[in-house]
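Okay, here's what each chain looks like letter by letter:
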Amino acid sequence: MRTIIIDGNNVIHKMQGIRKLFSENPEAAQLSLYESIKGRLNKNDRLILVFDGFSNIKSKNLLFSGVKKADEIIRKYIEDNYSKKAIAVVSSDNEIISIARACGCEILKSEDFIADRKIKSTDNINHYLPKKKDEKPDGMSRKDFDYFKKQFS
């Protein structure tokens, strides 16, 4: 089992669509990035996305550095785990790449990771965009309609 640890902000800023969403709604961009990536990994890979700052998102796969920098969290994770498990580091930050290389981790530049996985800037963005107040709600599917009709008739 390989752990892929990703410098989330670094990857977000390499993707135009998610970068734009990040400027409007950081949490939506972070969740969109996570959803875009997780579906393109091997089933044996464990994904950890590390972001700068704070968030209300509760997920074991999304870590937030709080007052520290995300680079510090990534560095500590590598130093604590490189001898115990296979780690792939996704970042274009030279400092992180140097530490990962010294610890024998697999290194993927952010732009190469995006290209290799065919991650598009528009993947999953619409799912996390807030709906406009004047929009009508989505209609009910036929399956849902039949279910509710059966339950409440």
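These lines cover the structure that appears in this document, whether it is placed above or below. Within each chain, residues carry numbers counting from 1 in the order of the written sequence. Local features are withheld for residues below a pLDDT of 70 in this predicted model, meaning they are given only at 70 or higher, and side-chain atom pairs are given and counted only at 80 or more; totals for whole chains, interfaces and linings count all residues. With hydrogens and water stripped out, all remaining heavy atoms of the structure feed into the side-chain values.

Looking at the element boundaries, Lys38 is found in helix 3 (residues 26-38). Burial here depends on accessible area, computed with a 1.4 Å probe over protein chains only, as a share of the maximum for the residue type. Under 20% is buried, over 50% is exposed, and the range in between is partly exposed. Residue classification places Lys38 among the partly exposed residues on the basis of a relative accessible area of 40%. For the pair Lys38 and Ile48, spaced ten residues apart in sequence, the C-alpha to C-alpha distance is 9.8 Å. For helices the rule is a DSSP run of H or I covering at least 4 residues; for strands it is a run of E covering at least 2, with both sets numbered from the N terminus onward.

This next bit is on the packing of helix 4 (residues 70-81) against helix 5 (residues 94-102). Where helix 4 meets helix 5, the axes come as close as 10 Å, and the angle between the chain directions of the two elements is 0°. One element, helix 4, and the other, helix 5, form an angle in the roughly parallel class. Each of Asp71, Ile74, Arg75 and Ile78 in helix 4 lies in contact with helix 5, whose residues at this interface are Glu95, Ile96, Ile99 and Ala100. Residue polarity follows a fixed list, in which Ala, Val, Leu, Ile, Met, Phe, Trp, Tyr, Cys and Pro are nonpolar, Asp, Glu, Lys and Arg are charged, and the others, Gly among them, are polar. Taken together, the residues that form the contact of helix 4 with helix 5 break down as five nonpolar, no polar and three charged. Between N-to-C directions, angles span 0 to 180 degrees; the directions come from axes that are lines fitted to C-alpha atoms, helices contributing only their stretch in contact. Reported orientations rely on four angle classes, namely roughly parallel under 35 degrees, roughly antiparallel over 145, roughly perpendicular from 65 to 115, and oblique for the rest. In what follows, residue pairs with any heavy atoms lying within 4.5 Å of each other are defined as contacts.

Patch members must show over 30% relative accessible area and no salt bridge, and they are joined within 9 Å when carrying like charges or within 5 Å when they are nonpolar side chains of Val, Leu, Ile, Met, Phe, Trp or Tyr. For every accessible area listed, the method is Shrake-Rupley and the probe measures 1.4 Å; residues are considered covered only by the protein chains on display. The term salt bridge refers to a side-chain nitrogen of Lys or Arg lying within 4 Å of a carboxyl oxygen of Asp or Glu. Residues Met140, Phe145, Tyr147, Phe148 and Phe152 make up a contiguous nonpolar surface patch of roughly 580 Å² in combined accessible area. Mapped onto the fold, Phe148 is located in helix 8 (residues 142-152).

So, about helix 2 (residues 16-24). Residue pairs spaced three or four apart in an α-helix point in one direction, given the helix's 3.6 residues per turn. The complete set of buried residues in helix 2 reads Ile18, Leu21 and Phe22. The arc that holds the buried residues of helix 2, viewed along the axis, is 105°, so those residues lie on one side. Opposite its buried face, helix 2 presents the exposed residues Gln16, Lys20, Ser23 and Glu24, each directed more than 90 degrees away. Regarding the arc, it is the one traced by the directions from the helix axis to the C-beta atoms.

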